[in-house]
Amino acid sequence: VAGHGVGPALITSSARSRLRSLKDYHSNAAELLDAVNRGLCEDTGLSRFITLFLAICDPLTGIVNWSSAGHTALFISPDGEVTDLTACGLPMGVVDDAEFDQGKSVQLVAGATLVVLTDGFSESHNENREMFGERQVAETLVKLRHRSANEIADELINDVDRFRGSKSPDDDLTIVIAKLRME
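Predicted model only: the values in this text are computed from it and were never measured.

Cut-offs applied
Residues numbered from 1 in each chain as written. Predicted model: local features only at pLDDT ≥ 70, side-chain atom pairs only at ≥ 80, totals over all residues. Heavy atoms only, no water. Buried < 20%, exposed > 50% of the residue type's maximum accessible area, 1.4 Å probe, protein only. Helix = DSSP H or I, 4+ residues; strand = E, 2+ residues; numbered from the N terminus. Arc of directions from axis to C-beta. Contact = heavy atoms within 4.5 Å. Expected span 1.5 Å × (residues − 1). Pairing = 2+ DSSP bridges. Axes fitted to C-alpha atoms, helices over the stretch in contact; angles between N-to-C directions.

Caption draft 1: Here's a closer look at helix α3 (residues 134-144). If you check which residues of α3 are buried, you get Val 137, Ala 138, Thr 140, Leu 141 and Leu 144. The buried residues of α3 occupy an angular sector of 165° when projected down its axis, which confines them to one face. Turned more than 90 degrees away from the buried face of α3 sit Arg 135 and Lys 143, all of them exposed. On the buried face of α3, the contacting elements are β3 (72-76), β4 (82-84), β6 (113-117) and α4 (149-164).

Below, the structure is given as C-alpha coordinates:
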(Lines give C-alpha, C1' and ligand atoms only; values in the text may rest on other atoms or scores of the structure.)
Protein backbone atom coordinates (compact mmCIF):
# COMPACT_ATOMS: atom_id res chain seq x y z
CA VAL A 1 0.00 0.00 0.00
CA ALA A 2 1.24 3.48 -0.72
CA GLY A 3 1.97 5.26 2.54
CA HIS A 4 1.82 4.33 6.19
CA GLY A 5 -0.73 4.78 8.94
CA VAL A 6 -4.44 4.19 9.40
CA GLY A 7 -5.55 4.91 5.80
CA PRO A 8 -3.20 2.39 4.16
CA ALA A 9 -3.99 -0.15 6.90
CA LEU A 10 -7.69 0.15 6.10
CA ILE A 11 -7.02 -0.35 2.36
CA THR A 12 -4.99 -3.47 3.15
CA SER A 13 -7.76 -4.79 5.37
CA SER A 14 -10.36 -4.05 2.71
CA ALA A 15 -8.33 -5.84 0.01
CA ARG A 16 -7.84 -8.87 2.26
CA SER A 17 -11.55 -9.03 3.13
CA ARG A 18 -12.55 -8.75 -0.52
CA LEU A 19 -10.10 -11.50 -1.54
CA ARG A 20 -11.47 -13.83 1.11
CA SER A 21 -15.12 -13.11 0.35
CA LEU A 22 -14.81 -13.35 -3.45
CA LYS A 23 -12.35 -16.26 -3.81
CA ASP A 24 -15.03 -18.91 -4.31
CA TYR A 25 -16.73 -16.96 -7.12
CA HIS A 26 -13.84 -16.61 -9.56
CA SER A 27 -12.10 -19.33 -11.52
CA ASN A 28 -8.61 -17.84 -11.65
CA ALA A 29 -6.33 -15.37 -9.91
CA ALA A 30 -6.67 -12.65 -12.56
CA GLU A 31 -10.48 -12.63 -12.42
CA LEU A 32 -10.31 -12.41 -8.64
CA LEU A 33 -7.94 -9.41 -8.83
CA ASP A 34 -10.28 -7.75 -11.36
CA ALA A 35 -13.19 -8.05 -8.92
CA VAL A 36 -11.22 -6.90 -5.87
CA ASN A 37 -9.84 -3.94 -7.83
CA ARG A 38 -13.32 -2.75 -8.83
CA GLY A 39 -14.40 -2.79 -5.18
CA LEU A 40 -11.28 -0.98 -3.99
CA CYS A 41 -11.76 1.71 -6.62
CA GLU A 42 -15.34 2.22 -5.44
CA ASP A 43 -14.14 2.58 -1.84
CA THR A 44 -11.16 4.82 -2.43
CA GLY A 45 -12.30 6.91 -5.38
CA LEU A 46 -8.98 6.17 -7.11
CA SER A 47 -7.09 8.10 -4.42
CA ARG A 48 -5.08 5.16 -3.01
CA PHE A 49 -3.43 2.11 -4.50
CA ILE A 50 -2.05 -1.24 -3.41
CA THR A 51 0.31 -3.68 -5.08
CA LEU A 52 -0.56 -7.32 -4.65
CA PHE A 53 0.63 -10.72 -5.82
CA LEU A 54 -1.98 -13.47 -5.69
CA ALA A 55 -0.91 -17.12 -5.88
CA ILE A 56 -3.39 -19.99 -5.78
CA CYS A 57 -1.66 -23.33 -5.20
CA ASP A 58 -3.29 -26.70 -5.80
CA PRO A 59 -2.03 -28.74 -2.83
CA LEU A 60 -2.33 -32.03 -4.73
CA THR A 61 -0.32 -31.05 -7.81
CA GLY A 62 1.74 -28.09 -6.59
CA ILE A 63 0.53 -26.07 -9.59
CA VAL A 64 0.54 -22.36 -8.75
CA ASN A 65 -1.77 -20.09 -10.71
CA TRP A 66 -1.00 -16.44 -10.18
CA SER A 67 -1.65 -12.85 -11.13
CA SER A 68 0.13 -9.68 -10.11
CA ALA A 69 -1.04 -6.14 -9.51
CA GLY A 70 2.38 -4.54 -9.79
CA HIS A 71 4.04 -6.62 -7.08
CA THR A 72 7.40 -8.40 -7.19
CA ALA A 73 7.56 -12.21 -7.13
CA LEU A 74 10.20 -14.71 -8.22
CA PHE A 75 10.09 -18.46 -8.74
CA ILE A 76 13.38 -20.33 -8.32
CA SER A 77 13.45 -23.86 -9.74
CA PRO A 78 15.40 -26.61 -7.95
CA ASP A 79 18.26 -26.19 -10.48
CA GLY A 80 18.45 -22.41 -9.84
CA GLU A 81 16.57 -21.05 -12.85
CA VAL A 82 14.81 -17.80 -11.93
CA THR A 83 11.40 -16.95 -13.38
CA ASP A 84 10.17 -13.41 -12.81
CA LEU A 85 6.48 -13.61 -11.94
CA THR A 86 6.11 -9.86 -11.81
CA ALA A 87 3.42 -9.02 -14.32
CA CYS A 88 3.21 -5.58 -15.87
CA GLY A 89 -0.18 -5.03 -14.28
CA LEU A 90 -1.06 -1.77 -12.61
CA PRO A 91 -1.40 -1.58 -8.86
CA MET A 92 -4.96 -2.11 -7.66
CA GLY A 93 -7.04 0.99 -7.03
CA VAL A 94 -5.62 3.00 -9.95
CA VAL A 95 -8.05 2.20 -12.78
CA ASP A 96 -11.46 0.75 -11.97
CA ASP A 97 -11.83 -1.25 -15.19
CA ALA A 98 -8.27 -2.61 -15.24
CA GLU A 99 -7.99 -6.23 -16.34
CA PHE A 100 -5.20 -8.21 -14.73
CA ASP A 101 -3.32 -10.92 -16.62
CA GLN A 102 -3.29 -14.54 -15.59
CA GLY A 103 0.37 -15.51 -15.35
CA LYS A 104 1.87 -18.71 -16.73
CA SER A 105 1.50 -21.38 -14.05
CA VAL A 106 4.53 -22.75 -12.23
CA GLN A 107 4.82 -25.97 -10.24
CA LEU A 108 6.01 -25.92 -6.67
CA VAL A 109 8.01 -29.13 -6.42
CA ALA A 110 10.62 -30.27 -3.90
CA GLY A 111 13.52 -27.83 -4.07
CA ALA A 112 11.54 -25.02 -5.75
CA THR A 113 11.02 -21.67 -4.03
CA LEU A 114 8.32 -19.05 -4.53
CA VAL A 115 9.30 -15.62 -3.20
CA VAL A 116 7.05 -12.57 -2.92
CA LEU A 117 8.80 -9.47 -1.65
CA THR A 118 8.51 -5.72 -1.43
CA ASP A 119 10.62 -3.40 -3.54
CA GLY A 120 12.41 -2.34 -0.37
CA PHE A 121 14.93 -5.13 -1.07
CA SER A 122 15.93 -4.21 -4.61
CA GLU A 123 15.64 -0.46 -4.03
CA SER A 124 17.78 -0.34 -0.88
CA HIS A 125 20.61 2.18 -1.23
CA ASN A 126 24.03 2.31 0.37
CA GLU A 127 26.02 5.39 1.38
CA ASN A 128 27.19 5.79 -2.26
CA ARG A 129 23.54 5.89 -3.44
CA GLU A 130 23.99 2.54 -5.24
CA MET A 131 20.97 0.26 -5.29
CA PHE A 132 21.05 -3.36 -4.12
CA GLY A 133 19.12 -4.16 -7.31
CA GLU A 134 16.87 -6.88 -8.65
CA ARG A 135 19.80 -8.88 -10.04
CA GLN A 136 21.47 -9.07 -6.62
CA VAL A 137 18.17 -10.13 -5.03
CA ALA A 138 17.80 -12.95 -7.59
CA GLU A 139 21.44 -14.04 -7.26
CA THR A 140 21.12 -14.18 -3.48
CA LEU A 141 17.91 -16.21 -3.68
CA VAL A 142 19.51 -18.69 -6.10
CA LYS A 143 22.51 -19.07 -3.80
CA LEU A 144 20.22 -19.72 -0.80
CA ARG A 145 17.58 -21.86 -2.53
CA HIS A 146 18.55 -25.08 -0.68
CA ARG A 147 17.96 -23.50 2.73
CA SER A 148 14.72 -23.25 4.69
CA ALA A 149 12.29 -20.40 4.05
CA ASN A 150 13.23 -18.76 7.37
CA GLU A 151 16.95 -19.00 6.62
CA ILE A 152 16.47 -17.52 3.13
CA ALA A 153 14.48 -14.58 4.51
CA ASP A 154 16.95 -13.91 7.33
CA GLU A 155 20.00 -14.11 5.06
CA LEU A 156 18.51 -11.87 2.35
CA ILE A 157 17.62 -9.25 4.97
CA ASN A 158 21.15 -9.52 6.42
CA ASP A 159 22.66 -9.11 2.92
CA VAL A 160 20.61 -5.96 2.32
CA ASP A 161 21.55 -4.60 5.76
CA ARG A 162 25.27 -5.24 5.10
CA PHE A 163 24.97 -3.58 1.67
CA ARG A 164 23.29 -0.50 3.16
CA GLY A 165 25.98 -0.14 5.80
CA SER A 166 25.28 2.76 8.12
CA LYS A 167 22.58 4.25 5.86
CA SER A 168 19.15 4.01 7.39
CA PRO A 169 16.46 2.07 5.47
CA ASP A 170 14.40 3.93 2.86
CA ASP A 171 11.55 1.42 2.86
CA ASP A 172 10.26 -1.68 4.58
CA LEU A 173 11.62 -5.16 3.85
CA THR A 174 8.73 -7.63 3.70
CA ILE A 175 9.09 -11.13 2.28
CA VAL A 176 6.93 -14.25 1.97
CA ILE A 177 8.56 -17.53 0.92
CA ALA A 178 6.78 -20.76 -0.05
CA LYS A 179 8.64 -24.07 -0.26
CA LEU A 180 7.55 -27.68 -0.04
CA ARG A 181 8.69 -29.26 3.17
CA MET A 182 9.51 -32.93 2.67
CA GLU A 183 8.63 -35.11 5.64
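Caption draft 2: Up close: α4. Taking 1.5 Å per residue, 16 residues should reach 22 Å; α4 reaches 23 Å between its end C-alpha atoms and fits that length. Within the span of α4, buried status applies to Ile 152, Ala 153, Leu 156, Asp 159, Val 160 and Arg 164. All buried residues of α4 fall inside an arc of 135° around its axis, so they share one side. Residues of α4 that are exposed and point more than 90 degrees away from the buried face comprise Asn 150 and Arg 162. Along its buried surface, α4 packs onto β6, α3 and β7 (175-179).

Caption draft 3: View of the sheet that holds β7. Spatially, β4-β3-β6-β7 is the arrangement adopted by the four strands of the open sheet, whose pairing is antiparallel. A single partner strand is all that each edge strand has here, and the edge strands are β4 and β7. Strand-to-strand twist in this sheet, taken as the mean axis angle between neighbours without regard to direction, amounts to 20°. Pairing of β3 with β4, which is carried by three bridges, proceeds in the antiparallel orientation.

Caption draft 4: Molecular detail of unusual backbone geometry. In this structure, Arg 129 is a non-glycine residue whose phi angle is positive, near 65°. Relative to the helices and strands, Arg 129 resides in the loop between β6 and α3.

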